[in-house]
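Read off the chains here:
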Amino acid sequence: MFKIATLRLKSNLMLSPMAGVTDLPFREINRKFGCELAFTEMLNVRSMSYKSRKTRQMLFSSSKDRPLGVQLLGLEEKYILKGLDVLENYKFDLLNFNAACPVKKVVARGEGSALLKEPDKLKKILELLVRHSKVPVSLKIRTGWDGNSVNAKEIALLAQDSGVSALIIHGRTRQQGYGGKVDYQTIGAVKKAVEIPVIASGDIFNAGLAKKMLDETGADGLAIARGALGNPWIFKEIKEFLSHGKITARPDRKEISRTMAKHLKSYVNFYGEKTGVVKFRKFFIWYTKGFRYCRHLRNACSTIKAEMPAINLIHSFAEEA
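Bear in mind that the values here come from a model prediction, so they are computed numbers and not experimental data. (Residues numbered from 1 in each chain as written. Predicted model: local features only at pLDDT ≥ 70, side-chain atom pairs only at ≥ 80, totals over all residues. Heavy atoms only, no water.)

K.L.:
Can you tell me about the overall build of the chain, naming the residues and giving the values?
P.N.:
Within the chain, the regular secondary structure consists of 14 helices and eleven strands. Taken against the 2.2 N^0.38 rule, which gives 20 Å for 321 residues, the C-alpha radius of gyration of the chain at 20 Å falls within 12% of a compact globule. Along the longest, intermediate and shortest principal axes, the C-alpha atoms of the chain span 55 × 45 × 35 Å. Classification of the 321 residues of the chain by burial places 55% in the buried group. Accessible surface for the chain amounts to roughly 14800 Å². Of this, 51% is attributable to carbon and sulfur atoms. The average position of the 54 basic charges and that of the 31 acidic charges among the side chains of the chain differ by 4 Å. (Helix = DSSP H or I, 4+ residues; strand = E, 2+ residues; numbered from the N terminus. Rg over C-alpha atoms; globule rule 2.2 N^0.38 Å. Buried < 20%, exposed > 50% of the residue type's maximum accessible area, 1.4 Å probe, protein only. Areas by Shrake-Rupley, 256 points an atom, 1.4 Å probe, with all protein chains shown as cover. Lys, Arg positive; Asp, Glu negative; His and termini not counted. Charge placed at Lys NZ, Arg CZ, Asp CG, Glu CD.)

K.L.:
Lay out the packing of aromatic side chains with the relevant residues and their values.
P.N.:
Considering all chains together, one arrives at nine aromatic pairs under this definition. Plain terms: the ring middles of Tyr267 and Tyr271 are 5.3 Å apart, the flat faces sit at 65 degrees to each other, and that makes the pair edge-to-face. Placement of both Tyr267 and Tyr271 in helix α11 (residues 253-271) is noted, with a separation of four residues, approximately one turn of the helix. For Tyr267, a relative accessible area of 0% corresponds to the buried category. With centroids separated by 5.5 Å and ring planes inclined at 80 degrees, the aromatic side chains of Tyr267 and Phe283 adopt a geometry described as edge-to-face. Taken as a pair, Tyr267 in helix α11 and Phe283 in helix α12 (residues 273-287) lie far apart in primary sequence, 16 residues in all. Here the guanidinium or amino end of Lys279 rests over the ring plane of Tyr271, the centre of that ring lying 4.9 Å away. (Phe/Tyr/Trp six-rings, centres within 6.5 Å; stacked < 30°, edge-to-face > 60°. Lys NZ or Arg CZ within 6 Å of the ring centre and 35° of its normal.)

K.L.:
Tell me what's going on with unusual backbone geometry, and back it up with residues and numbers.
P.N.:
That bond from Arg66 to Pro67 is cis: its omega, -5 degrees, falls within 30 degrees of zero. Inspection of the secondary structure puts Pro67 in the loop between α3 (53-58) and β6 (68-73). Phi at Asp203 takes a positive value of approximately 60 degrees, unusual for a residue other than glycine.

K.L.:
Please give an account of the pairing of β6 that cites residues and values.
P.N.:
For a regular strand, side-chain orientation follows a simple rule: the groups alternate between the two sheet faces. The element β6 is extensively covered by neighbouring structure, given that six of its six residues are classed as buried. Burial along β6 is two-sided: the residues Leu68, Val70 and Leu72 and Gly69, Gln71 and Leu73 are all buried. Here strand β5 (residues 43-44) pairs with β6 via two bridges, running parallel. Across the sheet, the residue bridging to Asn44 is Leu73, located in β6. Two strands pair when backbone bridges link them, and β6 and strand β7 (residues 94-99) are joined in this way by four bridges, in the parallel orientation. In the sheet register, Leu72 faces β7, and the bridge partner there is Phe97. (Pairing = 2+ DSSP bridges.)

K.L.:
Any chance you could break down the nonpolar core for me, citing the residues and the numbers?
P.N.:
Of all hydrophobic cores here, the largest spans 87 residues; its most connected members are Leu72, Leu95 and Leu139. The dominant element in this core, judged by the number of residues it contributes, is α11, at six residues. If we skip the residues at most four places from it in the chain, Leu95 touches Val70, Leu72, Leu84, Leu87, Leu129, Ser133, Val135, Pro136, Val137 and Ser138. Counting residues in each nonpolar core, the second largest holds twelve residues, with Met14, Leu37, Ile168 and Ala223 among its members. (Core = buried A, V, L, I, M, F, W, Y, C linked by side-chain atoms within 4.5 Å. Contact = heavy atoms within 4.5 Å.)

K.L.:
Describe the packing of helix α9 (residues 207-217) against helix α10 (residues 234-244), listing the residues and the values that go with them.
P.N.:
Where α9 contacts α10, the axes come no closer than 9 Å and their chain directions differ by 60 degrees. The angle between α9 and α10 falls in the class oblique. Crossing handedness for the pair α9 and α10: right-handed. Each of Ala207, Gly208, Ala210, Lys211 and Leu214 in α9 lies in contact with α10, whose residues at this interface are Glu237, Ile238, Phe241 and Leu242. (Axes fitted to C-alpha atoms, helices over the stretch in contact; angles between N-to-C directions. Parallel < 35°, antiparallel > 145°, perpendicular 65-115°, else oblique. Left-handed = near helix turned anticlockwise from the far one by under 90°.)

K.L.:
Quick rundown of the side chain of Asn96? Include the residues and the values.
P.N.:
Structurally, Asn96 is set in strand β7. Side chain to side chain, Asn96 and Gln71 meet in a polar contact 2.9 Å long. Those residues in contact with Asn96 that sit more than four places away from it in its chain are Phe39, Val70, Gln71, Leu72, Ser138, Leu139, Lys140 and Ile168. (Polar contact = N/O pair within 3.5 Å; in protein donor to acceptor, adjacent residues only side chain to side chain.)

K.L.:
Please give an account of α9 that cites residues and values.
P.N.:
Buried residues of α9: Ala207, Ala210, Met213, Leu214 and Thr217, and no others. For α9, the angular spread of buried residues about the axis comes to 125 degrees, placing them on one side. Close packing links the buried residues of α9 with α8 (184-193), β10 (198-201), β11 (221-224) and α10. Two or three places before Gly208, at the opening of α9, Asn206 has a side-chain oxygen 3.1 Å from that residue's backbone nitrogen. Residue Gly218 follows α9 closely and has a positive phi angle near 75 degrees. (Arc of directions from axis to C-beta.)

K.L.:
Any chance you could break down the packing of α8 against α9 for me, citing the residues and the numbers?
P.N.:
One way to put it is that α8 packs onto α9 with a least axis distance of 8 Å and a crossing angle of 55 degrees. Here α8 lies oblique to α9, going by the angle between them. Viewed along their axes, α8 and α9 form a crossing whose handedness is right-handed. Where α8 abuts α9, its residues Tyr184, Ile187, Gly188 and Lys191 lie against Lys212, Met213, Glu216 and Thr217.

Treat this as a map of the structure, not an account of what it does.
So, in structure tokens, the structure goes:
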């Protein structure tokens, strides 16, 4: 049993929030392969206050899409409170605040990982969230702003003192982005410093790297992000590897194709044919990554706008030797 405050989970593996990726169809695909807790895409509280169609679509869920986490990005108190007001109309189980996003336009506004340089400001935001949230609050951070200001331990203690129930930490600084090596040592230091659950993230691309992260950091759980792109089987494989020390079998082209076809259909049903197919293009690239004789299929995928040509490409992938 893995616990985050009142939330009780059977698994300590979760699907991390990813902008433009972790919508309802993607979450449902991953849940079929062993993902228990999944997060929505990152939601900007200022945008939420406008109650746009896009925001409503990002928050769309279903009875089977549980337990569910919602991640917020923001800075200003009035918009954070408006965002929480919007969430009153939705069912979810865990709130996550983002102090990790490294994107230039986000940090330019003082949001995301820029808050690692403003611990007092971050503390006030976290206290506000804990005070007003109807569900447990968690925080996502990086190890620091850059190599000269690694302050994850201090931020973690601050978060714990603010009433935060769990911490997700990506093992890189903001300056690193998604390059360079993951800092297992700092994640381990954070784990030793706090009593709340620590969930590690960063380069968890397969079961072996998942075990390495747990062994070297002592983390309580893992947040899977890029490792799940085109690879929903990663949750099943990590569980197998941690339990038995091996993976029974990797999916072959036919199984991948069946999953792709279901993924495509769910996108068409959710977004409509043209938008769903266009959004599915990037997933076709991820599903077929590492396979030989696929370049021409990926090139063809970049221009498709209808369901049937997409289905034909999936079938072609299954039949390629």
